[in-house]
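# Architecture at a glance
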Amino acid sequence: AQSVTQLGSHVSVSEGALVLLRCNYSSSVPPYLFWYVQYPNQGLQLLLKYTTGATLVKGINGFEAEFKKSETSFHLTKPSAHMSDAAEYFCAVSDRSNYGGSQGNLIFGKGTKLSVKP
Amino acid sequence: NAGVTQTPKFRILKIGQSMTLQCTQDMNHNYMYWYRQDPGMGLKLIYYSVGAGITDKGEVPNGYNVSRSTTEDFPLRLELAAPSQTSVYFCASNGGGPDNEQFFGPGTRLTVL
């Protein structure tokens, strides 16, 4: 079965510093990969996704992620953190081989809370 | 275009009571989902639907039921509420295909005492 591991339940950075949130998946067939962000007391919204093609994916708010098949990873980065980036970030995968059954079902990691210090 | 809406926003139930969480989307999406979110555990899929009249169990379906009589609505029913069902519930929809974005509602925070 698919699984997603996010290293670090809580990450704290200073404003202006690099943000790096880690995500690894377990699957013999590379899945579709997503990063979602959740601001306090809100639903989740899509930051970026990888489906096919270029392995470096750019998303909203200056975030990007790189799909590395050899490392089964999809780490999220942002060169310079802003106070408004404080939120919880979820990595998720869906099975690209399962078109007939559970279409679009996402498996989520446990989330990483990002704090940004002034 | 309101996207995905959920009602109520908050609810407190007593053990053994029942309730229905409402979810509506106006994007004409076929695929809809119910998740629960517990602190430090991410989101777990409760039930999903690939179209009106078709529903299936997710990872944690026990204690819940769903129906899908229209494309727009996907209510989640809790029968005989238990403290273990204290959680935040999210509804989501998807235009089709596992490579598509899921759109999430704002959530319902449920406490069972």
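Please refer to the structure higher up on the page.
These lines cover the structure that appears in this document, whether it is placed above or below. (Residues numbered from 1 in each chain as written. Chains lettered and ligands numbered in written order. Predicted model: local features only at pLDDT ≥ 70, side-chain atom pairs only at ≥ 80, totals over all residues. Heavy atoms only, no water.)

What follows concerns the side chain of Ser-93 of chain B. All names here are of chain B. With respect to the element layout, Ser-93 can be found in strand β9 (residues 87–94). A polar contact of 2.8 Å, which involves the side chain of Ser-93, links it to the side chain of His-29. Setting aside anything within four residues of it in sequence, one finds Ser-93 in contact with Val-4, Gln-25, Met-27, His-29, Tyr-31, Met-32, Tyr-33, Glu-101, Gln-102 and Phe-103. (Helix = DSSP H or I, 4+ residues; strand = E, 2+ residues; numbered from the N terminus. Polar contact = N/O pair within 3.5 Å; in protein donor to acceptor, adjacent residues only side chain to side chain. Contact = heavy atoms within 4.5 Å.)

A word on the packing of aromatic side chains. The final tally for this structure, using the stated rule, is 12 aromatic pairs over all chains. Measuring from centroid to centroid gives 6.3 Å for Tyr-25 of chain A and Phe-67 of chain A, while their planes differ by 25 degrees, and the two rings are stacked. Separated by 42 residues along the polypeptide, Tyr-25 of chain A in strand β4 (residues 24–26) and Phe-67 of chain A in strand β8 (residues 64–68) bring together distant segments of the chain. Note on accessibility: Tyr-25 of chain A and Phe-67 of chain A belong to one class, buried. One aromatic cluster is present, formed by Phe-34, Tyr-36, Phe-90 and Phe-108 of chain A together with Tyr-33, Tyr-35 and Phe-104 of chain B through successive ring pairs. Over the ring of Phe-74 of chain B we find Arg-68 of chain B, and its NZ or CZ is 5.9 Å from the ring centre. (Phe/Tyr/Trp six-rings, centres within 6.5 Å; stacked < 30°, edge-to-face > 60°. Buried < 20%, exposed > 50% of the residue type's maximum accessible area, 1.4 Å probe, protein only. Lys NZ or Arg CZ within 6 Å of the ring centre and 35° of its normal.)

Another point: the side chain of Glu-88 of chain A. Residue position: Glu-88 of chain A is located in strand β10 (residues 87–94). Within the buried set, Glu-88 of chain A has no salt-bridge partner at all; the shortest N-O distance to an opposite charge, 4.5 Å, is to Lys-113 of chain A. (Lys, Arg positive; Asp, Glu negative; His and termini not counted. Salt bridge = Lys/Arg side-chain N within 4 Å of Asp/Glu carboxyl O.)

Counting from both sides, the interface comprises 23 residues of chain B and, opposite them, 25 residues of chain A. For the pair chain B and chain A, the summed buried surface comes to about 1900 Å²; carbon and sulfur atoms form 55% of the total. Counting across the chain B and chain A interface gives 0 salt bridges. Within the residue set of the side of chain B that touches chain A, elements represented by two or more residues are β4 (31–37), β5 (43–51), β9 and β10 (102–104) of chain B. Class assignment for the residues of the side of chain B that touches chain A results in 12 nonpolar, 8 polar and 3 charged. (Buried area = accessible area lost by both parts, 1.4 Å probe. Nonpolar A, V, L, I, M, F, W, Y, C, P; charged D, E, K, R; others polar.)

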